[in-house]
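# An overview of the molecular structure
The residues making up each chain are set out below.
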Amino acid sequence: MIWNKNEIDRVVQLAEAGFQFMQQCNVDQRAKLMYAIAAEIESLGDVLIETAHVETALPIGRLQGEKVRTVNQWRKYADAVGTGIYSEARIDQDPNGQFDLRKYNKGLGPVVVFGASNFPFAFSTAGGDTASAIGAGCSVIIKAHPAHVKTSQLMADAIDRGLAKFGAPAGVFNHIVADAMATGQQLVQHPLVKAVAFTGSFKGGKSLYDLGQSRPDPIPVFAEMGSINPVFVLPDYLNNQVDGFAKQYIGSLALGVGQFCTNPGVLIGLAGEKLELLKAHLKKELATISAGTMLHPGILENYDRLTAEMKRHDGVKLLAVGGNEMQGGMAQAMLVETDAAQVLADPTLLEEVFGPFGLIITCSDEDEMRTIMESLNGQITLTFAASENDIRKYKELFVLAQDKCGRLLFQGMPTGVEVQYAMQHGGPFPASTDARFTSVGPDAVKRFLKPISFQNWPNEFLPMELQDENPLHINRLVNQQWTKE
Ligand code: NAP
């Protein structure tokens, strides 16, 4: 369904009214509003889980966990907003009375959020983008992901109930169901929209980013897109870890039928007996992985097409496929191998294959491994399966890796994403369109803020965050001293 221009304009006008309401809410009130929404989501019972299960084919247990994560996410972001850290209040008073300058961060305006297909709760209608935009004092227009519209509606109703309990107008949160790209594009182009958040394909994210930049008044488009999340496996680590590592890697590769933006899709190692032994263990582990149903036919179609292209590639050899009891909608896990020279000759081998697919790249020596590191695009994560001795020996790789990713792991697997202050979920382009920001963790709020400085204003007209008495009791930088006074 395509929304016509008038319908879109009506929703954006409502969102603008919602933003005017949010502008009047201080950090304490916003935190309370977010708590009210969290309670409504929490109270959604089995119907939410069952609806999402039918729409996405994700297992019940995974959905139950994702719901808890989503509720906690709202509360955690609310707590962070309530402390005032994102207000970044600063007050500078000239001792001679020449100036009184006060700065804080306020919401940007209505934000358009594109729900993601692979996290129907945590990255979708009631997900982190919506929570962080509301935490920043913005209103939200969500474009529901067409693969789970009923789930999206249940979440939207819960948010509406939370808003109503708080006494907020409906325009603070607006839910749009449309299966036509034109609707999303018109939203991004609407003059009253001030920012966009997106999680999904590179193609979709980049095209919405370009649209945001081509407006007469360009706006930030925070798109979190593809990543191959390389794992560099180093020799000393492999001395004792081959079996354990193989289990860990295949477990992470196949988790959720590989449908995570942190899926470790590429493994890079040095030629030799240890790597060959590892390949044998990986092959054995992959054989234990059953085929799984993918989120929607479009994702399966992409997976089938890209894995078929890989298998046809002259420089790529099929290493193993997972269990093959297939039904409609299912994908098989797959491992293929190549060498560094092939990858350097054809960089398309390093493009994301979304799903349970892994490419093993053999490097002949350390120099070749460094060249592969240098040739990598920006990544959400990069992992060293390494010992401390390995890192000492391959220090240069460790240094280079820091400019290639948002999160750098020492051992372990990247698929678990903690909702914490110290989490960075994003990365240099093309992992995201702005490496300075994260889309997971309370710092995600920062994306939707803008600073404003007030010069010489009487106390009564200032936002509470900046008033003399510090009525919200937040931490502020006053005349270069951090204080709550
Ligand atoms: P998608 O195709 O990028 O779509 C996500 C949302 O953005 C949908 O609502 C879609 O609307 C909208 N959209 C996409 N391109 C657009 C455009 N040019 N203009 C306006 N709206 C646009 O992602 P998906 O449906 O989740 O999965 C497709 C592929 O995305 C996967 O195969 C995978 O490669 C990738 N993916 C990556 C991640 C990640 O975290 N990196 C997560 C999920 C998917 P319509 O549905 O109306 O087209």
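Residues numbered from 1 in each chain as written. Predicted model: local features only at pLDDT ≥ 70, side-chain atom pairs only at ≥ 80, totals over all residues. Heavy atoms only, no water.

Counting 102 residues, the largest nonpolar core has W74, I361, F384 and F448 as its most contacted members. Apart from the residues lying within four places of it in its own chain, the contact partners of W74 are M34, I37, A38, I41, A126, T130, A131, I134 and I159. Among the nonpolar cores identified, the runner-up in size contains 22 residues, and Y237, F245, A246 and M413 belong to it. (Core = buried A, V, L, I, M, F, W, Y, C linked by side-chain atoms within 4.5 Å. Buried < 20%, exposed > 50% of the residue type's maximum accessible area, 1.4 Å probe, protein only. Contact = heavy atoms within 4.5 Å.)

This part takes up the site of the ligand. In the neighbourhood of the ligand, 26 residues make up the surrounding shell, with S117, S201, S207, M225 and C261 lying closest. A distance of 2.9 Å separates a nitrogen atom of the ligand from a polar side-chain atom of Q185. Between an oxygen atom of the ligand and a side-chain N or O atom of S201, the distance comes to 2.6 Å. When residues of the shell around the ligand are traced back to their parent elements, those giving at least two are α7 (181-189), β6 (195-199), α8 (202-213) and α11 (297-312). For the shell around the ligand, the element with the most residues is α8, which contributes 3 residues. In terms of residue class, the shell around the ligand is made up of 10 nonpolar, 12 polar and 4 charged. Mapping the shell around the ligand onto the domain boundaries places at least three of its residues in each of domain 1 (5-225 + 436-483) and domain 2 (231-410). (Near = heavy atom within 4 Å. Polar contact = N/O pair within 3.5 Å; in protein donor to acceptor, adjacent residues only side chain to side chain. Helix = DSSP H or I, 4+ residues; strand = E, 2+ residues; numbered from the N terminus. Nonpolar A, V, L, I, M, F, W, Y, C, P; charged D, E, K, R; others polar. Domains from an automatic or database assignment.)

With that settled, consider the environment of E273. With respect to the helices, strands and loops of the structure, E273 is situated in helix α10 (residues 273-286). E273 sits in the exposed class, given a relative accessible area of 74%. Residues E273 and P235, spaced 38 residues apart in sequence, show a C-alpha to C-alpha distance of 10.0 Å.

A few words on the pattern of salt bridges. Scanning the entire structure with this criterion turns up 23 salt bridges. D443 serves as the salt-bridge partner of K446, at 3.9 Å between the closest nitrogen and oxygen. Residue class for K446 comes out partly exposed when judged on its relative accessible area of 33%. (Salt bridge = Lys/Arg side-chain N within 4 Å of Asp/Glu carboxyl O.)

To continue, consider helix α6 (residues 149-166). Between its first and last C-alpha, α6 extends 26 Å over 18 residues, near the 26 Å set by a 1.5 Å rise per residue. Buried residues in α6 make contact with α2 (27-42), α3 (46-56), α4 (60-83), α5 (128-135) and β5 (173-176). Just downstream of α6 lies G167, where phi reads positive at about 85°. (Expected span 1.5 Å × (residues − 1).)

With 16 residues, α2 should cover 22 Å at 1.5 Å per step; its first-to-last C-alpha distance of 22 Å lies within 8% of that length. Listed in full, the buried residues belonging to α2 are V27, R30, A31, L33, M34, A36, I37, A38, E40 and I41. Each element contacted by the buried residues of α2 is listed here: α1 (5-23), α4, α5 and α6. At the N-terminal boundary of α2, the capping side chain belongs to N26, with an oxygen 2.9 Å from the backbone nitrogen of D28.

This part is about the domain arrangement of the chain. In terms of domains, the chain is made up of domain 1 (5-225 + 436-483) and domain 2 (231-410). Each of domain 1 and domain 2 has a C-alpha centre, and these two points are 35 Å apart. With 12 residues of domain 1 in contact, the opposing surface of domain 2 contributes 10 residues. The contact between domain 1 and domain 2 buries some 820 Å² in all, and 64% of this surface belongs to carbon and sulfur atoms. The interface formed by domain 1 and domain 2 holds 0 salt bridges in total. (Buried area = accessible area lost by both parts, 1.4 Å probe.)

The next thing to look at is the sheet that holds strand β18 (residues 476-478). Read from one edge to the other, the open sheet built from 5 strands follows the order β17-β2-β1-β18-β19, with strand pairing classed as mixed. Two strands in the sheet have a free side with no partner beyond their single neighbour: β17 (449-455) and β19 (481-483). Along the sheet, successive strands turn relative to each other by an average axial angle of 25°, direction set aside. The pairing of β18 with β19 spans 3 bridges and is antiparallel. Bridge pairing links R476 to T483 in β19. (Pairing = 2+ DSSP bridges. Axes fitted to C-alpha atoms, helices over the stretch in contact; angles between N-to-C directions.)

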